[in-house]
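Working through the structure, step by step
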Amino acid sequence: MLALMEIVPVVETTVPSTSDAVATGGSVWGLLIYCALLFAVIYFMMIRPNKKRIDAIQKMQSEIKVGDRVIFANGLIGLVKKLDDSNLMVEIAKGVVVEALRGSIVSVVNEKAKK
């Protein structure tokens, strides 16, 4: 019967030293620069445009006035009748007034509803 040591070869593990990393071209600075460039690309391609879009929506929601026609996130269109800090009363049909949050408004159709 063969001993376990004869079947499984012994693998030597060595930890590369700092001089080995420099000799092969790798360095910590190169990795840091790569990570910084990757973060910059992600920031300017994804985070910044999304932040601008969110700021524009929040600005539009804060500028809603009585008489504006608004569109809800679910597609309903209505006329703003009354405003509070975070809520508004919207007439969605003749005589049907619902209370909604400002955050549920996705756009303003026009400045004043046609009478």
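This text follows the structure it describes.
1. Describing the pattern of salt bridges
- Tallied over the entire structure, the rule returns three salt bridges.
- Here Lys51 and Asp55 are joined by a salt bridge, their closest N and O atoms 3.9 Å apart. Here the residue Lys51 and the residue Asp55 both occupy positions in helix H3 (residues 28–62), the gap between them amounting to four residues, near one helical turn.
- Residue Lys81 is joined to Glu91 by a salt bridge in which the shortest nitrogen-to-oxygen separation is 3.4 Å. Of the two residues, Lys81 is situated in strand S2 (residues 77–83) and Glu91 in strand S3 (residues 87–93); the sequence distance between them amounts to 10 residues.
- Residue classification places Lys81 among the partly exposed positions, given a relative accessible area of 42%.

2. Let's talk about the nonpolar core
- Of all hydrophobic cores here, the largest spans nine residues; its members are Met60, Ile64, Val70, Phe72, Val80, Leu88, Val90, Ala100 and Ile105.
- Elements that contribute at least two residues to this core include exactly strand S1 (69–72) and S3.
- Excluding anything up to four places from it in sequence, Val90 contacts Val70, Phe72, Gly78, Leu79, Val80, Val96, Val97 and Val98.

Rules and cut-offs
- Residues numbered from 1 in each chain as written.
- Predicted model: local features only at pLDDT ≥ 70, side-chain atom pairs only at ≥ 80, totals over all residues.
- Heavy atoms only, no water.
- Salt bridge = Lys/Arg side-chain N within 4 Å of Asp/Glu carboxyl O.
- Helix = DSSP H or I, 4+ residues; strand = E, 2+ residues; numbered from the N terminus.
- Buried < 20%, exposed > 50% of the residue type's maximum accessible area, 1.4 Å probe, protein only.
- Core = buried A, V, L, I, M, F, W, Y, C linked by side-chain atoms within 4.5 Å.
- Contact = heavy atoms within 4.5 Å.

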